Amino acid sequence: MANRYWCGECGFKTPWLEKSEGLRRQIEHYASKHPGSSPGGQVETRRRSPVASRGCLLLATTALVVLGIVAAWRH
């Protein structure tokens, strides 16, 4: 699962990250941009990890390459 953390004070948001990394980046953002404020805002969650979307792309690319090889072999 991946999370994206939004700042409650400005438009900052983290990229899709694992929970611990997202929290770390949000805390760093608040410490540097909003000193004295407690971290807040929203958390978006998506079920698949960032790596899973690349896996589908890799699978589709592999299928196209195999189809291209088969088509070239038949001619």
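Residues numbered from 1 in each chain as written. Predicted model: local features only at pLDDT ≥ 70, side-chain atom pairs only at ≥ 80, totals over all residues. Heavy atoms only, no water.

Enquirer: Just checking my understanding: could you explain the overall build of the protein for this structure?
Expert: Broken down by element type, the protein carries two helices and two strands. Counted from the first residue to the last, the protein has its helices and strands arranged as β-α-β-α. The C-alpha atoms of the protein give a radius of gyration of 20 Å, which is well past the 11 Å a tight globule of 75 residues would have. Overall, the protein is about 70 × 20 × 15 Å in size when its C-alpha atoms are taken along their principal axes. Per-residue burial for the protein yields a buried fraction of 17% across its 75 residues. On the protein, the mean spot of the 11 positive side-chain charges and the mean spot of the 5 negative ones are 11 Å from each other. (Helix = DSSP H or I, 4+ residues; strand = E, 2+ residues; numbered from the N terminus. Rg over C-alpha atoms; globule rule 2.2 N^0.38 Å. Buried < 20%, exposed > 50% of the residue type's maximum accessible area, 1.4 Å probe, protein only. Lys, Arg positive; Asp, Glu negative; His and termini not counted. Charge placed at Lys NZ, Arg CZ, Asp CG, Glu CD.)

Enquirer: Got a minute to help me understand helix H1 (residues 19-33) in this structure?
Expert: Because an α-helix packs 3.6 residues into every turn, residues spaced three or four apart end up facing the same way. The end-to-end C-alpha separation of H1 is 21 Å, in line with the 21 Å expected for 15 residues at 1.5 Å each. Within the sequence span of H1, burial applies to Gly22, Gln26, His29 and Tyr30. Along the axis of H1, the buried residues cluster in a sector spanning 95°; they form a single face. When the buried face of H1 is taken as reference, the exposed residues oriented beyond 90 degrees from it are Ser20, Ala31 and Ser32. Where H1 is buried, its residues contact strand E1 (2-6). (Expected span 1.5 Å × (residues − 1). Arc of directions from axis to C-beta. Contact = heavy atoms within 4.5 Å.)

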